[in-house]
Every structure is written in structure tokens, then in C-alpha cells.
Amino acid sequence: MKGTYTLVVELRESATVEFGAAGARDLPAGWYAYTGSAFGPGGFARVERHRELARGERDARHWHVDYLLGHPASRIVEAVRTADADVECAVSGALDAEPIAGLGASDCDCDSHLRFSPDREALERAVRRAHDRAA
């Protein structure tokens, strides 16, 4: 199955994260939403690949979010999916959360597909609502 997904990620403590060629960013502790597309080979298997990286079972970082997921203070708490719909930009843009400029959107005109919120419940509601509306 293919489509669009959003990972909700907890960063338990503030951290400086090196995002490969995008450089280092000082990130506050809190909640992050990364929206990506899974239309390539394997489809939503990409979400499981992200989970494996977050658990330390993989080392290779392919996408900006992988650098966040590889940090020991981070963990994936939820993955929301919309099957058969290429709505990555619409979902990310609908989130009322602070964009982390220049990350997660290197293949489109958006400024970012990685967003921050200090409020888990508000971010999770916004993610589910954005996926419901985009479906």
C-alpha cells in the first residue's frame, strides 16, 4: 500500500541534531510531526524502516527525519496514514505547528515538512484532522 504518512515524534530533551547537508539545528524538547510520502518501492514499508532506525536497528539515514529519529532522546509515538493519496504538502501545511525551516521538504516548494509543538495532544489532533480532510 502507498500513500502519505505523518510520524509524531517525541524529543524527550532539547538537543542539537545534525541533519546531514542541512546542518545542525538546536531543537527544543517536545513533539514533532514529520509528513512524508510513501509512493516509492515498498510503499508504507517506509514507516517501518523509520521505526527500525528509531529503535537503533538501522544506521543509514536517507531523509532529514532519519537524523531526528536516530537521536537517542527521540521516539516515534504515532504514525498516521492516508492511503492512495499524494497529500504530503497539504497535510504538512495544515498543521498549526512551528515549521523547522529547510527540513523534510527538499523535493517540493514547501519550507518544511517537519513541525514542532510543545503540546502532544494538540499536535496529534491536528495531524489526524489534516489526514482526514486530505483523504
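Being a predicted model, the structure only gives us computed values, none of them experimental.

Help me understand unusual backbone geometry, please; the structure alone is not making it clear to me.
The phi angle of most residues is negative, glycine excepted, and most peptide bonds adopt the trans form. With a phi close to 55°, D84 is a non-glycine residue in the positive phi region. Position of D84 relative to the elements: it lies in the loop between β5 (74-83) and α3 (88-94). Overall, the relative accessible area of 64% leaves D84 in the exposed class.

Hey, could you run me through the nonpolar core in this one?
For soluble globular proteins, the rule of thumb is that nonpolar side chains tend to be buried together. One finds L7, L27, Y32, L68 and L114 to be the most contacted residues of the largest nonpolar core, which totals 23 residues. The leading source of residues in this core is strand β1 (residues 3-11), at four residues. Setting aside chain neighbours within four positions, we find L68 in contact with V9, L11, V17, F19, L27, Y32, S74 and L114. Listed in part, the 13 residues of the second largest apolar core include V87, V91, A126 and V127.

Honestly, the pairing of strand β7 (residues 114-117) in this entry has me stumped. Any pointers?
Looking down a regular strand, the side chains alternate between one sheet face and the other. Alternating residues of β7 divide into L114 and F116 and R115 and S117, and every residue in both groups is buried. Note that strand β4 (residues 30-38) and β7 share four bridges and pair antiparallel. What sits directly across from Y34, in β7, is L114. Summarising the sheet, strand β6 (residues 98-99) and β7 pair through two bridges and their orientation is antiparallel. Its bridge partner lying in β7, P99 is registered against R115.

Would you mind going over the sheet that holds β6 with me for this structure?
Strands in a sheet are paired, the pairing made by backbone hydrogen bonds, and the direction either parallel or antiparallel. Spatially, the five strands line up as an open sheet ordered β5-β1-β4-β7-β6, and their pairing is antiparallel. The open sheet has two edge strands with one neighbour each: β5 and β6. Across the sheet, helix α1 (residues 45-54) lies against β1, β4 and β5, angled at about 180° from β5, the strand it touches most. Lying on the sheet, helix α4 (residues 120-134) is in contact with β1, β4, β5 and β7; it crosses β5 at an angle near 20°.

I would appreciate a short explanation of the pattern of salt bridges in the present structure.
Side chains carrying opposite charge are able to pair once their charged atoms draw close together. Under the definition given, this model contains seven salt bridges. Across the salt bridge formed by R58 and E52, the nearest N and O atoms sit 2.6 Å from each other. One salt-bridge network, in which partners are shared between bridges, spans E48, R55 and E57.

What am I meant to see in α4 here?
The periodicity of an α-helix, 3.6 residues per turn, causes residues three or four places apart in sequence to face the same way. Helix length check: α4, at 15 residues, gives a terminal C-alpha distance of 21 Å against a target of 21 Å (1.5 Å per residue), a fit within 8%. Among all positions of α4, only L123, E124, A126, V127, A130 and H131 are buried. All buried residues of α4 lie within an arc of 160° about the axis, which places them on one face of the element. The exposed residues of α4 that point more than 90 degrees off its buried face are E121, D132 and R133. Its side-chain oxygen at 3.1 Å from the backbone nitrogen of E121, D119 defines the N-terminal cap of α4.

Before we go on, may I ask you to explain the packing of aromatic side chains in this structure?
Inspection of every chain in the model, using the stated rule, returns three aromatic pairs. In this arrangement the basic side chain of R81 is found over the ring face of F44, its NZ or CZ atom lying 5.5 Å from the centre.

Thresholds, definitions, all that
Residues numbered from 1 in each chain as written. Predicted model: local features only at pLDDT ≥ 70, side-chain atom pairs only at ≥ 80, totals over all residues. Heavy atoms only, no water. Helix = DSSP H or I, 4+ residues; strand = E, 2+ residues; numbered from the N terminus. Buried < 20%, exposed > 50% of the residue type's maximum accessible area, 1.4 Å probe, protein only. Core = buried A, V, L, I, M, F, W, Y, C linked by side-chain atoms within 4.5 Å. Contact = heavy atoms within 4.5 Å. Pairing = 2+ DSSP bridges. Axes fitted to C-alpha atoms, helices over the stretch in contact; angles between N-to-C directions. Salt bridge = Lys/Arg side-chain N within 4 Å of Asp/Glu carboxyl O. Expected span 1.5 Å × (residues − 1). Arc of directions from axis to C-beta. Polar contact = N/O pair within 3.5 Å; in protein donor to acceptor, adjacent residues only side chain to side chain. Phe/Tyr/Trp six-rings, centres within 6.5 Å; stacked < 30°, edge-to-face > 60°. Lys NZ or Arg CZ within 6 Å of the ring centre and 35° of its normal.

Such coordinate-based values are descriptive only and should not be taken to indicate function.
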